[in-house]
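Read off the chains here:
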Amino acid sequence: MASQSQNPARLKKHLGLSDLLFIGIAGSIGGAIFYGAQKVAANAGPAGILAYVLAPILYIFVALTYLDIVMDFPEAGGPSRFAIYSHGQATSLINGMADLIWYLFIPPLESYVFVALVIHEFFPQVLNPVTGNLTLMGELLRLQ
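All of these numbers come straight from a predicted model, not from anything done at the bench.

J.: So what exactly am I meant to see when it comes to the overall build of the protein chain here?
T.: A tally of regular secondary structure across the protein chain gives seven helices and zero strands. The order of helices and strands in the protein chain, counted from the N terminus, is α-α-α-α-α-α-α.

What follows is the structure in structure tokens.
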């Protein structure tokens, strides 16, 4: 505790490398991989496999770019703060607000889409196909 009070401007590391790695993977993949695979298979067929091979390779280049910037500017807020160096404060503010909106709305939206997909695919009898509302069986299950 004494070292934290001596230098309060330093970042405090509470997560290990494996923790950060899994957070990064979960954030980049998200829930869309479950729904996206169905759409890729329907639209691109076997060529969709190429997308799943190329995407991680291209994503590594983006990650390496951020890694290089983070080594030069180790600040809290990372990608939201990097725009201030290249484009100024107004762009950094816009980028930070966009990140905030992303972090607030995307996780619940992905959860909703995933649950709706699971219900639609595996339990179609609990939803009315026309309105999307719960049927009597769905209401009974909800009350349980």
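After presenting the structure, the write-up continues.
J.: Mind showing me how you'd approach the pattern of salt bridges here?
T.: Side chains carrying opposite charge are able to pair once their charged atoms draw close together. Tallied over the full model, the rule gives one salt bridge. Glutamate 75 is paired through a salt bridge with arginine 81; the nearest N and O atoms lie 2.9 Å apart. Judged by its relative accessible area of 28%, glutamate 75 is partly exposed. Among the residues examined, arginine 81 registers a relative accessible area of 32% and is labelled partly exposed.

J.: Before we go on, may I ask you to explain helix H5 (residues 78-87) in this structure?
T.: For an α-helix, 3.6 residues make a turn, and residues three or four places apart therefore share a direction. Taken together, the buried positions of H5 are occupied by Gly78, Ser80, Phe82 and Ala83. Just beyond H5, the residue with positive phi is glycine 88, at close to 100°.

J.: So what exactly am I meant to see when it comes to the packing of aromatic side chains here?
T.: Each aromatic ring pair is summarised here by two numbers: the centre-to-centre distance and the angle between the ring planes. One pass over the structure, following the stated rule, counts two aromatic pairs. With 4.4 Å between their ring centres and 20° between their planes, phenylalanine 73 and tyrosine 85 make a pair best called stacked. With phenylalanine 73 in the loop between helix H4 (48-72) and H5 and tyrosine 85 in helix H5, the pair connects residues that are 12 residues apart, well separated along the chain. We classify tyrosine 85 as partly exposed; its relative accessible area is 39%.

J.: How should the side chain of aspartate 99 be read in this particular structure?
T.: Within the secondary structure layout, aspartate 99 lies in helix H6 (residues 89-122). The side chain of aspartate 99 sits in the buried core without any salt bridge; arginine 81 is the nearest counter-charge, 11 Å away. Setting aside chain neighbours within four positions, we find aspartate 99 in contact with Pro79 and Ser80.

J.: Explanation requested: a nonpolar patch on the surface in the structure shown.
T.: Residues Ile49, Leu50, Val53, Leu54, Ile57, Leu58, Ile60, Phe61, Leu64, Leu67 and Met71 make up a contiguous nonpolar surface patch of roughly 1,100 Å² in combined accessible area. Among the structural elements, isoleucine 49 can be located in helix H4.

J.: Even after reading the chapter, I still don't get the confidence of the model for the protein chain, so can you show me in this structure?
T.: Close inspection of predicted coordinates is inappropriate in any region flagged by low pLDDT. For the protein chain, the mean per-residue pLDDT works out to 78, and 84% of the residues sit at or above 70. Within the protein chain, no element has a lower average pLDDT than helix H1 (residues 2-6), which sits at 53, and none a higher one than H4, at 87.

J.: When you look at the side chain of serine 92 in this model, what are you seeing that I'm missing?
T.: With respect to the helices, strands and loops of the structure, serine 92 is situated in helix H6. The residues touching serine 92, leaving out its near neighbours within four places in the chain, are Ser80, Arg81, Ala83 and Ile84.

Calculation rules
- What you see as residue numbers is a count from 1 along each chain, following the sequence as written.
- At least 70 in pLDDT is required for a residue's local features to be given in this predicted model, at least 80 for side-chain atom pairs to be given and counted, and no such filter applies to totals for whole chains, interfaces and linings, which use all residues.
- The side-chain numbers reported here are obtained from all heavy atoms of the structure, hydrogens and water having been left aside.
- For helices the rule is a DSSP run of H or I covering at least 4 residues; for strands it is a run of E covering at least 2, with both sets numbered from the N terminus onward.
- Should a side-chain nitrogen of Lys or Arg be within 4 Å of a carboxyl oxygen of Asp or Glu, the pair is scored as a salt bridge.
- Only protein chains enter the accessibility calculation, which uses a 1.4 Å probe; a residue whose area is less than 20% of its type maximum is buried, one above 50% is exposed, and one in between is partly exposed.
- Any two of the Phe, Tyr and Trp rings considered here, Trp counted by its six-membered ring, make a pair once their centres fall within 6.5 Å; the pair's planes then place it as stacked at under 30 degrees, edge-to-face at over 60, or tilted in between.
- Neither His nor the chain ends contribute to the count of charged residues, in which Lys and Arg are positive and Asp and Glu negative.
- Every residue pair with non-hydrogen atoms within 4.5 Å of one another is taken to be in contact.
- Every patch collects residues that have over 30% relative accessible area and no salt bridge, joining them within 9 Å if they carry like charges and within 5 Å if they are nonpolar side chains (Val, Leu, Ile, Met, Phe, Trp, Tyr).
- Method for areas: the Shrake-Rupley scheme with a 1.4 Å probe, in which residue coverage is limited to the protein chains shown.
- For every residue, the pLDDT score states the predictor's confidence, bounded by 0 at the bottom and 100 at the top.

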